[in-house]
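Architecture at a glance
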Amino acid sequence: MTLLLYGAYGYTGELIAREAVDRDMDVIVAGRNGTKTRGVGIQLGTESRVFPAEDAADNLDGVDAALNCAGPFVETYEPFVEACLESGTHYLDITGEFPVFDALAERDREAEKAGVCLLPGAGFDVVPTDCLAGHLHDRLQGATHLRLGFEAPTSVSGGTVASAIEHASAGGKVRRDGVIEEVPLGGKSRTIDFGNGPKNAVRIPWGDVSTAYYTTGIENVEVYTAMPELAARAVELSGPVSTLLSVEPAKRGLQALGRQLATGPSEEERERGRTYVWGEATDGERTVTSRLVTPETYALTVDTATTAAGRLESDDANLTGYHTPATAFDPEFVLELDDVEGFFDDVEEG
Ligand SMILES: NC(=O)c1ccc[n+]([C@@H]2O[C@H](COP(=O)([O-])OP(=O)(O)OC[C@H]3O[C@@H](n4cnc5c(N)ncnc54)[C@H](OP(=O)(O)O)[C@@H]3O)[C@@H](O)[C@H]2O)c1
């Protein structure tokens, strides 16, 4: 079974490619830059394929699953998904971008017909929160409201900054009565104990606002992250500035700067960092809370994406259609990953 990994010389893509080779998976590394792609292929001893994302259809020969690590994904997912549906190849990515989740959910029937699985969000965004959502739903089947969140170390890669800037002008997002709504960025502070003591937290437009609905059917979803009060206020005040990012040259300039400044966590940060993941579901009478403790977010992404790709490739997976990580496997999937602790469960009455 062969996995093609696109974006293989990016910060995260290269880490995943190394891990997949370490796990003896049959990997083809791919990307748009010939020198960099072939460099990774030579280092890892794999085949390499050089092509722009738009030419995916001509480059999936002999591939069973394509794992797209080239973000911002709004710029790369479409030709890959078309090519995968056409050639009967499973598609996975590590996106956290709403337009990608929503677009893939709409192609569920086509993917079923083509006999392929579409699995976006196979990274930190959204594997642990999605599995927690599934677990909370199993605990309280009649839940009407779901809140998820995390406290994570702060180093990020250039690609993550570029992707965040790509969508910054779209503001915050929540799901209300089944529909995704725009809300002010950084609004609605509250105190949450993610598992590492109570912290100020703000609402963020995280992928679960899209995916948790497909995992649980719960129609009201919000996602929070820990943020000191001063920083949260600054994000709130940045609302008018973020609309400037809908102006293409301003967005591109800031993305280029972000790519230069953000180099991603060091190996030591990836090895030592811990991330606290929290969720609560309520039906208005009972509230159930569960938590997970996981490795640092990029270290976890390497494990989630590689494990998910391995599972999809395996002969007995037989998955077709659009899936979230928890529907593709099950909520316990996250507990199979290295160094993940949980689920830690509480119940509150009334
Ligand atoms: N789900 C998660 O939790 C999670 C975790 C980590 C990363 N991510 C996401 O994954 C993406 C990559 O992150 P990263 O840390 O690896 O960033 P990175 O170091 O900037 O790497 C991005 C890679 O994608 C390629 N790429 C970007 N746009 C492309 C396009 N239009 N066509 C072809 N290739 C393109 C880049 O090639 P060039 O250098 O040639 O542009 C590079 O190989 C980001 O969107 C990030 O937000 C998600």
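Residues numbered from 1 in each chain as written. Predicted model: local features only at pLDDT ≥ 70, side-chain atom pairs only at ≥ 80, totals over all residues. Heavy atoms only, no water.

1. As for the packing of aromatic side chains
- Enumeration according to the criterion identifies 11 aromatic pairs in this entry.
- Ring centres of Phe329 and Phe333 lie 4.5 Å apart, and the angle between their planes is 40°; on these two criteria the pair is classed as tilted.
- Counting every residue linked through ring pairs, the aromatic cluster contains Tyr6, Phe51 and Phe80.
- Arg190 extends its terminal NZ or CZ atom over the ring of Tyr224, reaching a point 5.6 Å from the ring centre. (Phe/Tyr/Trp six-rings, centres within 6.5 Å; stacked < 30°, edge-to-face > 60°. Lys NZ or Arg CZ within 6 Å of the ring centre and 35° of its normal.)

2. Remarks on the sheet that holds strand 6 (residues 117-119)
- Strand order across the open sheet formed by seven strands is 3-2-1-4-5-6-15, with parallel pairing between neighbours. Because the sheet does not close on itself, it has two edges, and the strands there are strand 3 (47-50) and strand 15 (321-322).
- With four bridges connecting them, strand 2 (residues 26-31) and strand 3 associate as parallel partners. Residue pairing in the sheet places Ala30 in a bridge with Arg49 of strand 3.
- Sheet strands in contact with helix 3 (residues 77-87) are strand 1 (2-6), strand 4 (65-68), strand 5 (90-93) and strand 6, and its direction is about 160° off that of strand 5. (Pairing = 2+ DSSP bridges. Helix = DSSP H or I, 4+ residues; strand = E, 2+ residues; numbered from the N terminus. Contact = heavy atoms within 4.5 Å. Axes fitted to C-alpha atoms, helices over the stretch in contact; angles between N-to-C directions.)

3. Concerning the nonpolar core
- With 88 residues, the main nonpolar core has Leu4, Phe80, Leu92 and Leu146 as its most contacted residues.
- When residues of this core are assigned to domains, at least three fall in each of domain 1 (2-124 + 299-333) and domain 2 (127-297 + 336-349).
- Residues contacting Leu146, with those up to four places away along its chain left out, are Ala133, Leu136, Ala212, Thr216, Ile218, Asn220, Val221, Glu222, Glu280 and Ala281.
- If you look at the next biggest cluster of nonpolar residues, it comprises seven residues, including Ile192, Ala201, Tyr276 and Val293. (Core = buried A, V, L, I, M, F, W, Y, C linked by side-chain atoms within 4.5 Å. Buried < 20%, exposed > 50% of the residue type's maximum accessible area, 1.4 Å probe, protein only. Domains from an automatic or database assignment.)

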